[in-house]
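# Observations on the model geometry
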Amino acid sequence: MISIIMPVYNTEAYLQEAVESIIGQSLPFRENIMLYLLDDASTDHSLAVCRDYERQYPENIKVVHFDENQGVSAVRNFGLSLCREHTGTIVGFVDSDDRLHQDALKRVEDFFDGHREVNMAVAEIYFFGAKEGSHKLNWRFDEREVVHILEDYTYPQYYIGGAFFQQPAWEKLSFDETMNFWEDALAVNQVILAEEKYGLIKDAIYYYRKREDESSLVDSAWHDRGRYIPFLDHGYLRLMDYCKKEKRRLLPYIQFVVVYHMRLFMVKSRTEVVHELMDNEDLAIFRKKLRRILRRIKTDVIVHIPTTLPVVEAMLSIRKGKKVRARRTYTEDDCIFSYHGYEFTRMSERSVYLSGIVEKPEERRGMWRGRFNTPIFQMAKEDYIFAEHNGVRVDSIRCRCQRELYILGEKMRNYRYAGFVIAIPEEWESARFGIHTKGIDIMLNEVVFAEVLERIESRKREEEEGEEDGTRIYTYAQGDSCGTDCT
């Protein structure tokens, strides 16, 4: 038996799709699945939808209605108490605006049948709705079936959606009802610490809806002041202290769980929200608390975070209380960025980005404009971009760029020399670009000019369509070299 706990709150528009994805599983619904629809005082018609399904499947669907809003953690805890009616059931969680692939629960059942020693496992996540595609952590499913956290510390897990538990694990599961975000990460990782392993069920797909209005709890939480200074204590530090208490040391796995999530505060979109919610005094307190956390995390863990180099450097700088930059090692034809022996990237792996053809000023009409498109490297005044085709080389002309990179109030990069214009001969259909720095030439990416023009035209069409229907389209063009950010 598989029991699905589905908290419901004002999701009338999505609820039918979520429920039908459970009823329509390839694993026969009536014989194998219990669905708990827990309506948390919805003010729309969600409860009516739930009751209608309960009437159709009285043996398989149980509806509970709360007259007063309890919060998602309390509802999930109540759902767990209902599951005790079915000894030995597998418990899973699906949000009422998400859905499962039709084979998901069959794959869950098969996984646990084949891995008797595993009591918790998770499904792959794919986005749908306003955003589509694979979740960034789905790479794990190609590398492991079972993650042993004492060995595989760079395999973090955060979400309750698409997580499944056998009884020895779900009996240890409890959600903090005082938290309104990250409560699932805290609860899930407390179970993972107890089990010291969890499974990865490839092709058991959980579809996570990204709403057009970003009204989900995950999206709206970033605009809550409690998401910042208080969260560092109630989220990160609480999990770290729990790990130290239970395991007598702070495991690298938990260190990685914390810093991999912490990077979200530092990427550009989140940083803009940070400055909206905190003044300079609050930001100083926030950085001080971050330093307290980062000083408990090993350098080797921080450098293994899969993120941009400036984010890693920002964490190391906050941790040490002084500016830290990756080491650059120049070879005959490349530059290697590393820290403490760990190689982050090479200059040859980066690229230039062409954003259009210059119309003004007149003396540069017809030239391509672009930018050295990398956050890792701040070009010096003497550096320049060039292009080569069939042994012929054309050097660029510098075009000052206004772009700068700040992370939590600290300037990490100034890209004033990254913009350029370049006169590409009309007969060239493509060219290999490169950068000249420190007296050496480093070859970068190949560019097909017709493809660039098609991309630009496609972007213009999207912007025009967005203006017509009243939707503002945000494109990469807003940061183009020699466009709005360059002079």
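Source: prediction; values computed, not measured.

## Focus on the side chain of Ser21
Residue placement: Ser21 occurs in helix H1 (residues 12-23). Given the relative accessible area of 10%, Ser21 is considered buried. The contacts of Ser21, once residues within four sequence positions are left out, are Arg99 and Leu100.

## Observations concerning the packing of aromatic side chains
Considering all chains together, one arrives at 26 aromatic pairs under this definition. Each ring, one from Tyr228 and one from Phe286, has its centre 6.1 Å from the other, and the planes form 65 degrees; the classification is edge-to-face. Residue Tyr228 is found in the loop between helix H8 (217-221) and helix H9 (229-247), and its partner Phe286 is found in helix H12 (residues 280-294); the two are separated by 58 residues along the sequence. Among the residues examined, Phe286 registers a relative accessible area of 0% and is labelled buried. Ring geometry for Phe231 versus Phe265: centroids 6.2 Å apart, planes at 50 degrees, classification tilted. Linking Phe231 in helix H9 with Phe265 in helix H10 (residues 252-266), this pair joins segments that are 34 residues apart in sequence. Per residue, the accessibility class of Phe231 equals that of Phe265, and both read buried. These aromatic residues form a ring-pair network of at least three members: Phe181, Trp182, Tyr228, Phe231, Tyr236, Phe265 and Phe286.

## Focus: the sheet that holds strand S14 (residues 351-357)
The pairing of strands in a sheet comes from backbone hydrogen bonds and takes either a parallel or an antiparallel form. Pairing is antiparallel across the open sheet formed by four strands, whose spatial order is S14-S15-S21-S18. Each edge of the open sheet carries a strand with a single partner, namely S14 and strand S18 (397-398). Note: S14 against strand S15 (residues 368-373), six bridges, orientation antiparallel. Residue Gly356 lies in a different strand from S15, and its bridge partner there is Arg369.

## A short note on helix H7 (residues 183-195)
With 13 residues, H7 should cover 18 Å at 1.5 Å per step; its first-to-last C-alpha distance of 19 Å lies within 8% of that length. Across the 13 residues of H7, 12 count as buried, placing the element largely inside the fold. For H7, the full list of buried residues reads Glu183, Asp184, Ala185, Leu186, Ala187, Val188, Asn189, Gln190, Val191, Ile192, Leu193 and Glu195. Phi turns positive, to about 65 degrees, at Glu196, one or two residues after H7.

## Some words on the pattern of salt bridges
Summed over the entire model, instances satisfying the criterion amount to 24 salt bridges. Between Arg413 and Glu313 there is a salt bridge, and its shortest N-O distance comes to 2.9 Å. Residue Arg413 is found in strand S20 (residues 410-414), and its partner Glu313 is found in helix H14 (residues 309-320); the two are separated by 100 residues along the sequence. Through salt bridges that share partners, Glu17, Arg99 and Arg209 make up one connected network.

## Examining the confidence of the model for the protein chain
Of the residues in the protein chain, 94% reach a pLDDT of 70 or more, and the chain-wide mean stands at 91. Between residues 469-487, whose pLDDT stays under 50, and residues either more than four places distant or in other chains, the model counts 46 contacts.

## Brief notes about the nonpolar core
Of all hydrophobic cores here, the largest spans 120 residues; its most connected members are Phe165, Met266 and Phe433. Apart from residues no more than four positions distant in its own chain, Met266 is found in contact with Thr271, Leu290, Val311, Ala314, Met315, Ile318, Ile407 and Leu408. Counting residues in hydrophobic clusters, the runner-up holds 38 residues, among them Tyr53, Ala123, Phe164 and Ile201.

## Notes on unusual backbone geometry
Geometrically, the link from Lys360 to Pro361 is a cis peptide bond, its omega value of 0 degrees lying close to zero. Relative to the assigned elements, Pro361 resides in the loop between S14 and S15. Phi angles above zero are rare outside glycine, and Glu196 is one such case at about 65 degrees. Looking at the element boundaries, Glu196 is found in the loop between H7 and strand S10 (197-210). In this structure Glu196 comes out as partly exposed when scored by relative accessible area, which is 29%. For Leu408, which is not a glycine, the phi torsion comes out positive at approximately 50 degrees. Checked against the element boundaries, Leu408 lands in the loop between strand S19 (404-407) and S20.

## Concerning the sheet that holds strand S17 (residues 392-395)
With antiparallel pairing, the four strands of this open sheet are ordered in space as S17-S16-S22-S23. For this open sheet the edge positions go to S17 and strand S23 (440-448), each flanked by a neighbour on one side alone. Each adjacent strand pair in this sheet contributes to an overall mean axis angle of 30 degrees, direction not counted. In terms of strand pairing, strand S22 (residues 430-437) meets S23 through seven bridges, oriented antiparallel. Its bridge partner lying in S23, Arg432 is registered against Glu446.

## Here's the deal with helix H4 (residues 72-83)
Taking 1.5 Å as the rise per residue, H4 with 12 residues should run 16 Å; its terminal C-alpha atoms sit 17 Å apart, in good agreement. Counting buried positions over the 12 residues of H4 gives nine, a clear majority of the element. Ser73, Ala74, Val75, Arg76, Asn77, Gly79, Leu80, Leu82 and Cys83 are the residues of H4 that are buried. Check the buried side of H4 and you find it contacts strand S1 (2-8), strand S2 (33-40), strand S3 (61-66), strand S4 (90-93), helix H6 (167-170) and H7.

## Re the environment of Glu246
Mapping Glu246 onto the fold places it in helix H9. On the accessibility criterion, Glu246 (44% relative accessible area) is partly exposed. In the structure, Glu246 is positioned 77 residues away from Ala169 in sequence and 16 Å away in space, judged by C-alpha atoms.

## As for the packing of H9 against H12
At a closest axis distance of 10 Å, the pairing of H9 and H12 adopts a crossing angle of 5 degrees. Of the possible angle classes, the one that applies to H9 and H12 is roughly parallel. Contacts between H9 and H12 pair Ile229, Leu232, Asp233, Tyr236, Leu237 and Met240 from the former with Asp282, Ile285, Phe286, Lys289, Leu290, Arg292 and Ile293 from the latter. Class assignment of the residues belonging to the contact of H9 with H12 gives a composition of nine nonpolar, no polar and four charged.

Reading guide: rules and limits
- Residues numbered from 1 in each chain as written.
- Predicted model: local features only at pLDDT ≥ 70, side-chain atom pairs only at ≥ 80, totals over all residues.
- Heavy atoms only, no water.
- Helix = DSSP H or I, 4+ residues; strand = E, 2+ residues; numbered from the N terminus.
- Buried < 20%, exposed > 50% of the residue type's maximum accessible area, 1.4 Å probe, protein only.
- Contact = heavy atoms within 4.5 Å.
- Phe/Tyr/Trp six-rings, centres within 6.5 Å; stacked < 30°, edge-to-face > 60°.
- Pairing = 2+ DSSP bridges.
- Expected span 1.5 Å × (residues − 1).
- Salt bridge = Lys/Arg side-chain N within 4 Å of Asp/Glu carboxyl O.
- pLDDT = per-residue confidence, 0-100.
- Core = buried A, V, L, I, M, F, W, Y, C linked by side-chain atoms within 4.5 Å.
- Axes fitted to C-alpha atoms, helices over the stretch in contact; angles between N-to-C directions.
- Parallel < 35°, antiparallel > 145°, perpendicular 65-115°, else oblique.
- Nonpolar A, V, L, I, M, F, W, Y, C, P; charged D, E, K, R; others polar.

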